[in-house]
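Summary of structural features
What follows is each chain in one-letter form.
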Amino acid sequence: RFDLSGRGWEKAALLIDPIERDAFGHKGFELKDLGESLQQPKAVLIVAKSGDQVVGFTYAVPYSFMKDEVTQVDREDNGEKTAYVYDTAITKLHQGKKITPRMMERLLLELGSEGYEYLERDADVDSGYADQIQNAYDQRGLILQAGPDHDSNWGKQRFFRMKVPQIDGLQK
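An account of the accompanying structure is given in this report. On a predicted model such as this, the values are computed, not experimentally measured, just so you know.

1. Re the sheet that holds strand 3 (residues 82–90)
- Pairing is mixed in the open sheet, where 6 strands are placed in the order 1-2-3-4-6-5. Two strands bound the open sheet, and with one partner strand each, they are strand 1 (44–50) and strand 5 (143–150). For this sheet the average axis-to-axis angle between neighbouring strands, irrespective of direction, equals 20°.
- Across 3 bridges, strand 3 lies against strand 4 (residues 118–124) in parallel orientation. By the bridge assignment, T82 is partnered in strand 4 with Y118.
- The sheet contacts of helix 1 (residues 8–24) involve strand 1, strand 2 (53–62) and strand 3, and relative to strand 3 the element is tilted by about 60°.

Here it is, written out as C-alpha cells:
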C-alpha cells in the first residue's frame, strides 16, 4: 500500500503516470486526473513491483468522488461505505502474469481495514477482463451485482458491485 498522506499523492501520481501511459497510451487518464483522484480522503493505492520497479497499480476512491460519473447504472447508494476502483494498470511487459488478481486481493483487504463494506467498478468487456472478474469473485460469493454492460469512453464496460470482506485484526 502506498502512503498517500500529506503530499504523498503527488509522488504517487508521478510514479503511476508512466504505467498508465504504457498500458493505455492516449486513452489513459491524464496526470491531472490521477492526482486529483489520489487526493481523495480514504483513497487506497496498491502498487505491484518487479524488483525495485513499479510495474502496476490499482486504486479505489470513495464513491462520493465518482458519483457523477457512475450514473449509467442503477445502484444502491451506501455513501462512505462504498469505494470505487478508479483505475488499474499493468505495464505491457508484465501483463498476463497474474499481477492484477494479487493487487485486487490486497486492495480488498486494505479497503476492509478502512471500513469500506462495498466495492464498485467497471471492467472492460471486449478484452475479457469483465468475465475474469465475474468468474473469480462469483466463486467466492462476493458479487452482489454484475452488469449491466454499458458503453463508456473506454469501450463497453460491465458494472460490478461486490462485498468487501471484513477481516478482524488486519493491521493498517
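Okay, back to it.
2. Remarks on the pairing of strand 4
- Counting buried residues in strand 4 gives 6 out of 7 residues, a clear majority hidden from the surface.
- With helix 4 (residues 99–113) bridging strand 3 and its parallel neighbour strand 4, the resulting β-α-β unit is right-handed.

3. Remarks on the packing of aromatic side chains
- For the coordinates displayed, the defined rule picks out 3 aromatic pairs.
- Residue placement shows K42 over the ring face of Y116; its charged tip is 4.5 Å from the ring centre.
- For R161, the ring lying beneath its charged end belongs to Y118, and the centroid distance is 4.2 Å.

4. Some points on the pairing of strand 2
- Across the 10 residues of strand 2, 9 count as buried, placing the element largely inside the fold.
- With 7 bridges joining them, strand 1 and strand 2 adopt antiparallel strand pairing. The residue bridging A48 from the neighbouring strand is G56, located in strand 2.
- Two successive antiparallel strands, strand 1 and strand 2, enclose a turn made up of 2 residues, where G51 displays a positive phi of approximately 65°.
- Bridge count between strand 2 and strand 3: 7 bridges; the pairing is antiparallel. Paired with A60 across the two strands is V85, which belongs to strand 3.

5. Looking at the layout of surface pockets
- By volume, the largest pocket amounts to about 1400 Å³.
- Put simply, the parts of the chain that give the lining of the largest pocket at least two residues each are helix 1, strand 3, helix 4, strand 4, helix 5 (129–138) and strand 6 (157–163).
- Broken down by element, the lining of the largest pocket gets its largest block of residues, 7 residues, from strand 3.
- Residues that form the lining of the largest pocket fall into these classes: 20 nonpolar, 14 polar and 11 charged.

6. Details of the nonpolar core
- In this structure, L107, L111, L119, I133, Y137, F160 and M162 are the most contacted members of the largest nonpolar core, which totals 27 residues.
- Only strand 1, strand 2, strand 3, helix 4, strand 4, helix 5 and strand 6 provide two or more residues apiece to this core.
- It is helix 4 that provides the largest number of residues to this core, a total of 6 residues.
- Residues F2, I16, L34 and A43 belong to the second largest nonpolar core, which totals 21 residues.

Reading the values: rules and limits
- Residues numbered from 1 in each chain as written.
- Predicted model: local features only at pLDDT ≥ 70, side-chain atom pairs only at ≥ 80, totals over all residues.
- Heavy atoms only, no water.
- Pairing = 2+ DSSP bridges.
- Helix = DSSP H or I, 4+ residues; strand = E, 2+ residues; numbered from the N terminus.
- Axes fitted to C-alpha atoms, helices over the stretch in contact; angles between N-to-C directions.
- Contact = heavy atoms within 4.5 Å.
- Buried < 20%, exposed > 50% of the residue type's maximum accessible area, 1.4 Å probe, protein only.
- Right-handed = clockwise from strand over helix to strand, strands pointing away.
- Phe/Tyr/Trp six-rings, centres within 6.5 Å; stacked < 30°, edge-to-face > 60°.
- Lys NZ or Arg CZ within 6 Å of the ring centre and 35° of its normal.
- 1 Å grid on protein atoms, 1.4 Å probe; cavity = no way out; pocket = protein on both sides within 12 Å on 5 of 7 lines; lining within 4 Å.
- Points joined across faces, edges and corners; volume = space filled by probe spheres on them.
- Nonpolar A, V, L, I, M, F, W, Y, C, P; charged D, E, K, R; others polar.
- Core = buried A, V, L, I, M, F, W, Y, C linked by side-chain atoms within 4.5 Å.

Worth remembering: the numbers are spatial, not functional.
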